Amino acid sequence: MTQRHRTAIFANWTPLAVLGILISFSLGSAGSHAWAQAPQTVTATTQRSSGAHQNDGPWWKHALIYEIYPRSFQDSNGDGIGDLNGITQRLDYLHSLDVDAVWLSPIYPSPQVDFGYDISDYENIDPQYGTLADFDKLVAEAKKRNIRIIMDMVMNHTSDQHKWFLESKSSRNNPKRDWYVWRDGKGVGPDGKPLPPNNWVSLFGGSAWEYDPTTKQFYYHEFYKQQPDLNWRNPEVEKAMFDSVRFWLDRGVAGFRLDAIPTLFEDPQLRDEPATGGTNAQGDPNLSDIYTNNLPEVHDVMRRLRELVDKYPGNRVLIGETYLPNVQELDKWYGGAKHNELQLPMDMQVGFTNKLDASLFRKRINDAETQINGNQPLFVFDNHDNVRSWNRYGDGVHDQAIARLIATTLLTSRATALMYYGEELGMVTTTPTRKEDVKDPIGITGWPKEKGRDGERTPMQWDDSKNAGFSDAATTWLPVAPDYRTVNVKTEESEPSSLLHWHEQLITMRRNDPTLRDGKQVMIDESNPSVLSYVREGVEGHPAIIVALNFTAKPQTISLDPSAAGVHGKAVTTLLTDAPSLKRNGSLQNITLPPYASWIGSVK
Ligand code: NOJ
């Protein structure tokens, strides 16, 4: 089976790259999952921390954060759409996976044009997902299991049905007129239609300006036209949005994932963006995004937001959806050496490299270790906007091994780890095959070049029963992926060689080993183009740990010398590997890694 897959559309979202470029490309088949061995009862290797090492920094520094797309996690009322009570029902699973925090993509009231990223009320819950009481229950039940709840906060834009926008568009004199970005057009075109103020295009296709015939002006929208951008140059906007931030902090949330946060400001002079050549999947000219993305003004807002959040006890955290072109730009989002902006802007450089290139991974992980002023990196390989990592990195032949390699990279790095539901199972992107089935609007307007993001939002696969245990409904909002009979929690829990079990082992090691928690990450064998190897320096008298990952389809033999990283011991013990031939390896010399194999050992 050969599928066509969309690249990471948001991963191309950098000032240097083309805003909204939607490239399709062919990748190999997702491959079939081979759970070859007979099911066995798991002897629980996953044990939550005994409470040791709890004093080594704020909780988020060592966290495993798990993104839930609420529509697709668990349906509790049989309407085919996931909901908050469904998530509450599944907390024991998250606890057994040893998740520290859940990031919920938006659950606020919304017309659901962009499935919640178009918010019409920032201080309530959409009835599709439940009530504020259900939310409070979720927070309380999660807390009993040491799991924190992180909200998605969409500050760049509201829904066009939000009362602020309805007021704003009602007349040019309305007090809220200036809460959004309204501008006069450039007259009338040859077809008699009003011309937009400039050439800016929406990331989701077409002009970023929408004409309002009532007040005869255009409003700006970086995303869908139903998502008008707020005007952050108006202090009242910040005040209102910060009030909503407080509303949720008072309710006990552990922090926020800040949606599309680099797009808060636009050039006040509305200068045209330079064309960079060609057109994107939506048929729009490719433009540089220098006047609509990552403007420096945003950092003042981030500092004020950080001050607000820091007034609350319990180390509330700010996570940024920060697709940035390089580590220097990323560092600014922390506030650099001042550490006074976001604690965890997402590093998309590592997880969305989109090719298994050991040298590139080495450089980017090393950048995060050495170039961000001692701030804490946050690595992420999967989310609800991008083709799943299984498909982006898989070659159709070694997909299981590649998924283990990705998991090992994520969970043995010093970075805070962010995972997307189902990543631990090897859930794949299941792209719609017919336009009439597509739910994501960009998949409808972009068909067939851009098929939208439905494929990575399919229901969580819990077991091999109807609808994969996600819902009792006759039909679910998106179809369950066809591989659910073998790729599901129940089956993988009973299979020692499953990807779920691999994740569990890594998460347990990472939780309990002080070296994996805090040891400096130092690259070794640095000129090797095929194998990525690094040391985690030993802490508190614990041994150093060495990780070696074969990024190729061929066996690779390596000999490692970690002395430059201060590791001189000779006693090598294999801690975890998926290469049967290396299970008892006790040497750093002549290690032969099978294709895409992962090996983790300690050195004393
Ligand atoms: C980024 C979100 O992750 C994506 O799903 C959404 O469509 C845009 N921001 C607009 O809010």
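If you're wondering where the values come from, they're calculated on a predicted model, not measured in any experiment. (Residues numbered from 1 in each chain as written. Predicted model: local features only at pLDDT ≥ 70, side-chain atom pairs only at ≥ 80, totals over all residues. Heavy atoms only, no water.)

### A few points about the pattern of salt bridges
Following the criterion strictly, the structure yields 31 salt bridges and no others. Note that Glu238 and Arg304 form a salt bridge whose closest N and O atoms lie 2.8 Å from each other. One end of the pair, Glu238, is in helix α5 (residues 235-250); the other, Arg304, is in helix α6 (residues 298-310), and 66 residues separate them in sequence. Taking the relative accessible area as the measure of exposure, Glu238 reaches 12% and is therefore buried. In this structure, the salt-bridge partner of Asp578 is Arg404, at a minimum N-O distance of 2.6 Å. With Asp578 in the loop between β20 (572-577) and β21 (591-593) and Arg404 in helix α11 (residues 399-412), this residue pair connects regions lying 174 residues apart in the sequence. By relative accessible area, which is 17% here, Asp578 ends up buried. Several salt bridges converge on common partners, so that one network encompasses Asp114, Asp385, Asp440, Arg453 and Arg457. (Salt bridge = Lys/Arg side-chain N within 4 Å of Asp/Glu carboxyl O. Helix = DSSP H or I, 4+ residues; strand = E, 2+ residues; numbered from the N terminus. Buried < 20%, exposed > 50% of the residue type's maximum accessible area, 1.4 Å probe, protein only.)

### Digging into the packing of α11 against helix α14 (residues 499-512)
Two elements in contact, α11 and α14, have axes separated by 10 Å at closest approach and are oriented at 15°. The angle between the axes of α11 and α14 places the two elements in the roughly parallel class. The handedness of the crossing between α11 and α14 is right-handed. Between α11 and α14, the contacting residues are Gln400, Ala403, Arg404, Ala407, Thr408, Leu411 and Thr412 on the first element and Leu499, Trp502, His503, Leu506, Ile507 and Arg510 on the second. Of the residues assigned to the contact of α11 with α14, the class counts are seven nonpolar, four polar and two charged. (Axes fitted to C-alpha atoms, helices over the stretch in contact; angles between N-to-C directions. Parallel < 35°, antiparallel > 145°, perpendicular 65-115°, else oblique. Left-handed = near helix turned anticlockwise from the far one by under 90°. Contact = heavy atoms within 4.5 Å. Nonpolar A, V, L, I, M, F, W, Y, C, P; charged D, E, K, R; others polar.)

### Description of the nonpolar core
Looking at soluble globular proteins, one finds that nonpolar side chains tend to be buried together. Ranked by internal contacts, the top residues of the largest apolar core, which has 133 residues, are Tyr66, Phe135 and Met302. Val522, Val531, Val567 and Leu593 belong to the second-largest nonpolar core, a separate cluster that totals 20 residues. (Core = buried A, V, L, I, M, F, W, Y, C linked by side-chain atoms within 4.5 Å.)

### Describing the sheet that holds strand β17 (residues 531-536)
Strand order in the open sheet made by the five strands is β16-β17-β18-β22-β20, with antiparallel pairing throughout. For this open sheet the edge positions go to β16 (521-524) and β20, each flanked by a neighbour on one side alone. Across the sheet, the mean angle from the axis of one strand to that of its neighbour is 25°, orientation sign disregarded. In this sheet, strand β18 (residues 544-550) lies alongside β17 in antiparallel orientation, the contact comprising six bridges. For Val535, the partnering residue across the bridge sits in β18 and is Ile546. Packed onto the sheet, α14 meets β20 and β22 (598-603) and runs at close to 135° relative to β20. (Pairing = 2+ DSSP bridges.)

### Things to note about the sheet that holds strand β7 (residues 209-212)
The strand order β6-β8-β7 describes an open sheet built from three strands, whose pairing is antiparallel. Strands at the two margins of the open sheet, each flanked by one partner only, are β6 (182-183) and β7. Pairing geometry for β7 and strand β8 (residues 217-220), over four bridges, is antiparallel. Within the sheet, the bridge partner assigned to Trp209 lies in β8 and is Tyr220.

### Considerations on the site of the ligand
For the ligand, the full set of nearby residues is Asp114, Tyr117, His157, Phe204, Phe223, Arg257, Asp259, Glu321, His384, Asp385, Arg453 and Arg457. Residue Asp114 places a side-chain N or O atom 2.5 Å away from an oxygen atom belonging to the ligand. Between the ligand and Asp259 there is a distance of 2.8 Å, counted from an oxygen atom to a side-chain nitrogen or oxygen. Each residue belonging to the shell around the ligand can be placed in one class, and the counts come to three nonpolar, two polar and seven charged. (Near = heavy atom within 4 Å. Polar contact = N/O pair within 3.5 Å; in protein donor to acceptor, adjacent residues only side chain to side chain.)

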